[in-house]
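Residues per chain are reported as follows:
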Amino acid sequence: MIFMDNLIARIQRLIDFRREIGQSIDQHFLPGLSREYIQEKTSQYPFYFPEALIELYEWHNGTNDEDFLMFRDMAWLSLENAISEYELMMEAFWSEGDNEEIGLEPEKMFPFAGFTGFNLYLSYPGQRMCPTLALPIICTGKGVLEPYYDSFTSMLDTVEEWFKVGEHNEYSCKAQEGIEREIWRKHNSDIFRITGF
C-alpha cells in the first residue's frame, strides 16, 4: 500500500535529522525481531498488522525508553508493549464504550506509539469514523478519541517538519502552538476536515 511505502527509509530520515541537530539517539532503539517471532506474537489478534509493520519491527523493535519521544510527543512502542497496551485497552477502555455508535472496531487497530496514557493506533481499512481515509492514525486516551493523522506517511511528514522548526531537547521537540497547528493541518487536511479541529 502506498501509505506504508518506504516506511523504514522515512523513519531513518527523521533519525538522521535528529543526529544532525546533535541528538544522541541510537542507544534508544531496540534490536529488530525475527519475522517468525512477530508473526507468532501477532497471529492470535485481529488487529491490522500489514507487511510494512512486520518489516518495521524486523528493523527495530521500537525504543527502550518510554520518555524518548520518537514521534514528537509519542514513544515508539516495542511489539511486546504494544500488545500489552492493546490487551489493556480492549479490556478497560473499549469494552465500556459503544464502539458501533462511534464507528470503530477497536480490536482491529494496532497501538504502535504512546506516552503517559495516550496512544496512537494504526487504524484498519475502511472504518466508519473517517471512511474517506484508507488507514488513518487515531489518538486515544484521557477523554481523547480522534483521528490525528491522515496516514502513517502524513504523520512522519508532520513530525519531521515539527522537528525542523521546533526547539529541541534530547528526547523531543516543541514548536510554537500556531506554527505547530499550521504544519499539522498542512499535512493532514482530511483529518482537519473530518474533525473540525
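Scroll up for the structure.
What counts, and where the lines are drawn
- Residues numbered from 1 in each chain as written.
- Predicted model: local features only at pLDDT ≥ 70, side-chain atom pairs only at ≥ 80, totals over all residues.
- Heavy atoms only, no water.
- Helix = DSSP H or I, 4+ residues; strand = E, 2+ residues; numbered from the N terminus.
- Buried < 20%, exposed > 50% of the residue type's maximum accessible area, 1.4 Å probe, protein only.
- Contact = heavy atoms within 4.5 Å.
- Areas by Shrake-Rupley, 256 points an atom, 1.4 Å probe, with all protein chains shown as cover.
- Pairing = 2+ DSSP bridges.
- Phe/Tyr/Trp six-rings, centres within 6.5 Å; stacked < 30°, edge-to-face > 60°.
- Lys NZ or Arg CZ within 6 Å of the ring centre and 35° of its normal.

Caption draft 1: Spatial organisation of the overall build of the chain. The number of helices and strands found in the chain is 8 helices and 9 strands. Every one of the 197 residues in the chain was classed for burial, and the buried ones make up 49%. A sequence separation of at least 24 residues applies to 62% of the contacts in the chain between residues at least 6 apart. Here the chain displays about 9500 Å² of accessible surface, and carbon together with sulfur accounts for 48% of that area.

Caption draft 2: Broad picture of unusual backbone geometry. The phi torsion at arginine 72 lies on the positive side, around 65°, for a residue other than glycine. Topologically, arginine 72 is positioned in the loop between strand E2 (60-63) and strand E3 (75-76). Residue class for arginine 72 comes out buried when judged on its relative accessible area of 9%. The backbone phi angle of threonine 116 is positive, close to 45°, even though this residue is not glycine. Within the element layout of this structure, threonine 116 appears in the loop between strand E4 (110-115) and strand E5 (118-122).

Caption draft 3: Seen up close, the pairing of E4. Counting buried residues in E4 gives 5 out of 6 residues, a clear majority hidden from the surface. Bridging between E3 and E4 involves 2 bridges; their strand directions are antiparallel. Residue pairing across strands places alanine 75 opposite glycine 114, the latter belonging to E4. Between E4 and E5, which pair antiparallel one after the other, the connecting turn spans 2 residues, and threonine 116 there sits at a positive phi close to 45°.

Caption draft 4: Local environment of the packing of aromatic side chains. Considering all chains together, one arrives at 18 aromatic pairs under this definition. An angle of 65° between the planes, with centres 6.4 Å apart, marks the rings of phenylalanine 29 and tryptophan 76 as edge-to-face. Here tryptophan 76 lies in strand E3 and phenylalanine 29 lies in strand E1 (residues 29-31), a separation of 47 residues in the sequence. With respect to burial, phenylalanine 29 and tryptophan 76 carry one shared label: buried. With 4.9 Å between their ring centres and 85° between their planes, phenylalanine 47 and tyrosine 86 make a pair best called edge-to-face. Of this pair, phenylalanine 47 sits in the loop between helix H2 (35-42) and helix H3 (51-59) while tyrosine 86 sits in helix H4 (residues 79-92), and the two are 39 residues apart along the sequence. Note on accessibility: phenylalanine 47 and tyrosine 86 belong to one class, buried. Members of the aromatic cluster, each reached through a chain of ring pairs, are Phe29, Tyr45, Phe47, Phe49, Tyr57, Trp59, Phe68, Trp76, Tyr86 and Phe110. Geometry around tryptophan 162 places arginine 72 over its ring, the cationic atom sitting 4.3 Å from the centre. Against the face of tyrosine 124 rests lysine 108, its NZ or CZ located 5.7 Å from the ring centre.

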